[in-house]
Amino acid sequence: MSQIAFITGATSGFGRAAARRFAEGGWSLVLSGRRKERLDELKAELESKVPVYVAELDVRDAKAVQDMVAALPEQFRAVKALVNNAGLALSPGPAQGVALEDWQTMIDTNVTGLVNVTHTLLPTLLETGAGASIINIGSVAGQWPYPGGHVYGATKAFVKQFGYNLRCDLISTGVRVTDIAPGMAETEFTLVRTKGDQSASDKLYRGTTPLTAEDIAEQIFYVATLPDHININRLEVMPSRQAWSSFAVDRD
Ligand SMILES: NC(=O)C1=CN([C@@H]2O[C@H](COP(=O)(O)OP(=O)(O)OC[C@H]3O[C@@H](n4cnc5c(N)ncnc54)[C@H](OP(=O)(O)O)[C@@H]3O)[C@@H](O)[C@H]2O)C=CC1
Ligand SMILES: O=CCS(=O)(=O)O
């Protein structure tokens, strides 16, 4: 059985940490993202351990995704684990102040991009059969509403429901589907969300203990390497120092 992981958004955060974790486990890697120099650095770091193929890829571009998968060298074609990780949040303020373009970017990346990659790799995963996995990186924001969550949370609710519905159709194929839904994790996520405001990112994580990229990478690897007959539908993971807060009430 092939041991090939296909990871989107491998240039940073969870995706990069997952690439390192799968490499440690001896898996061959297909890594993508838009920042080619980071992909090249990661390939240089990992290729002494396992075979690594990198491709510059914007998941929003369906044709580019199809071309990239069609061009995979033979030894990287039999993908066993698809890690749909590429994604982002933008504009953490109230919905009524957010540019339409930011909403569209989140939908194009987190929904359309994830669908593009899933649709393109589904025939391969079906061929792999028992033990293959689609591991989608959702978010607590896909389950729990919060101020400023607007379209980001809605895209992650899509990820969750798309995965559940896929499971219904894939039940007899051996292909598993999991929604890993992390809470607060310190990566470049908040830097992207605030459009480069490092102090806002530092402030969010200061004085608490967020999850790390490696914490989530461990969960991704765990899900991908479970016995074939086990499917974890959704794995919601928060730091122990994070929980829910109360309902909001508007008062006179
Ligand atoms: N950090 C957190 O608190 C949480 C994050 N998440 C989710 O985890 C996933 C990874 O985020 P995280 O590691 O934290 O953040 P990072 O910003 O560190 O990593 C995001 C990754 O997504 C890639 N990416 C973004 N847009 C595109 C695109 N259009 N095409 C291809 N790749 C893209 C980036 O690569 P590049 O820019 O090179 O293209 C980068 O590798 C996301 O889906 C995010 O929503 C979920 C819950 C919590
Ligand atoms: O998805 C990211 C975690 S949060 O910012 O929505 O809590």
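Within an unreviewed UniProt entry, the label attached to the protein chain reads sulfoacetaldehyde reductase (NADPH), and the organism entered is Halotalea alkalilenta. In its Subunit (unreviewed entry) section, the UniProt record describing the protein chain reads: "Homodimer and heterotetramer." Recorded in UniProt for the protein chain, the comment headed Pathway (unreviewed entry) runs: "Organosulfur degradation."

Caption draft 1: Seen up close, the site of ligand 2. With respect to spatial proximity, the complete set of residues near ligand 2 consists of Ser139, Val140, Ala141, Tyr146, Tyr152, Phe189 and Arg193. At a separation of 2.6 Å, an oxygen atom of ligand 2 approaches a polar side-chain atom of serine 139. The contact in question runs from an oxygen atom of ligand 2 to an N or O atom on the side chain of tyrosine 146, over 2.5 Å. Contact with the protein chains hides 82% of the accessible area of ligand 2, taken as 240 Å² for the molecule alone. Within the shell around ligand 2, the residues separate by chemical class into 5 nonpolar, 1 polar and 1 charged.

Caption draft 2: A look at the environment of glutamate 101. Tracing the sequence through the fold places glutamate 101 in helix 4 (residues 100-128). For glutamate 101, a relative accessible area of 57% puts it in the exposed group. Sequence-wise, glutamate 101 and alanine 64 are 37 residues apart; in three dimensions their C-alpha atoms are separated by 22 Å.

Caption draft 3: Broad picture of the packing of helix 1 (residues 13-24) against helix 8 (residues 213-224). Relative to each other, helix 1 and helix 8 sit at 55 degrees, their axes nearing to 8 Å. In terms of their interaxial angle, helix 1 and helix 8 are classed as oblique. Pair helix 1 / helix 8 crosses with right-handed handedness. For the pair helix 1 and helix 8, contact is made by Gly13, Phe14, Ala17, Ala18, Arg21 and Phe22 and by Ala213, Glu214, Ile216, Ala217, Glu218, Ile220, Phe221 and Ala224, respectively. Looking at side-chain class alone, the contact of helix 1 with helix 8 contains 10 nonpolar, 1 polar and 3 charged residues.

Caption draft 4: Layout of helix 2 (residues 36-46). Taken as a whole, helix 2 has its buried residues at Leu39, Leu42 and Leu46. One side of helix 2 holds all its buried residues, which, seen down the axis, span an arc of 65 degrees. Seen from the buried face of helix 2, the exposed residues on the opposite side, beyond 90 degrees, are Glu41 and Ala44. Where helix 2 is buried, its residues meet helix 1, strand 2 (28-33) and strand 3 (52-56).

Caption draft 5: Structural context of the pairing of strand 1 (residues 4-7). Here strand 1 shows a buried face lined by Ile4 and Phe6 and a second buried face lined by Ala5 and Ile7. With 4 bridges connecting them, strand 1 and strand 2 associate as parallel partners. Looking at the pairing, isoleucine 4 lines up with serine 28 of strand 2. In the sheet, strand 1 pairs with strand 4 (residues 81-84) via 3 bridges, with the strands oriented parallel. Of the residues in strand 4, the one forming a bridge with isoleucine 7 is valine 83.

Caption draft 6: Fine view of the side chain of arginine 21. With respect to the element layout, arginine 21 can be found in helix 1. A relative accessible area of 17% means that arginine 21 is categorised as buried. Leaving out residues up to four positions away in the same chain, arginine 21 has contacts with Ala217, Glu218 and Phe221.

Calculation rules
Residues numbered from 1 in each chain as written. Chains lettered and ligands numbered in written order. Predicted model: local features only at pLDDT ≥ 70, side-chain atom pairs only at ≥ 80, totals over all residues. Heavy atoms only, no water. UniProt positions renumbered as here; feature names shortened; annotations may be inferred. Near = heavy atom within 4 Å. Polar contact = N/O pair within 3.5 Å; in protein donor to acceptor, adjacent residues only side chain to side chain. Areas by Shrake-Rupley, 256 points an atom, 1.4 Å probe, with all protein chains shown as cover. Nonpolar A, V, L, I, M, F, W, Y, C, P; charged D, E, K, R; others polar. Helix = DSSP H or I, 4+ residues; strand = E, 2+ residues; numbered from the N terminus. Buried < 20%, exposed > 50% of the residue type's maximum accessible area, 1.4 Å probe, protein only. Axes fitted to C-alpha atoms, helices over the stretch in contact; angles between N-to-C directions. Parallel < 35°, antiparallel > 145°, perpendicular 65-115°, else oblique. Left-handed = near helix turned anticlockwise from the far one by under 90°. Contact = heavy atoms within 4.5 Å. Arc of directions from axis to C-beta. Pairing = 2+ DSSP bridges.

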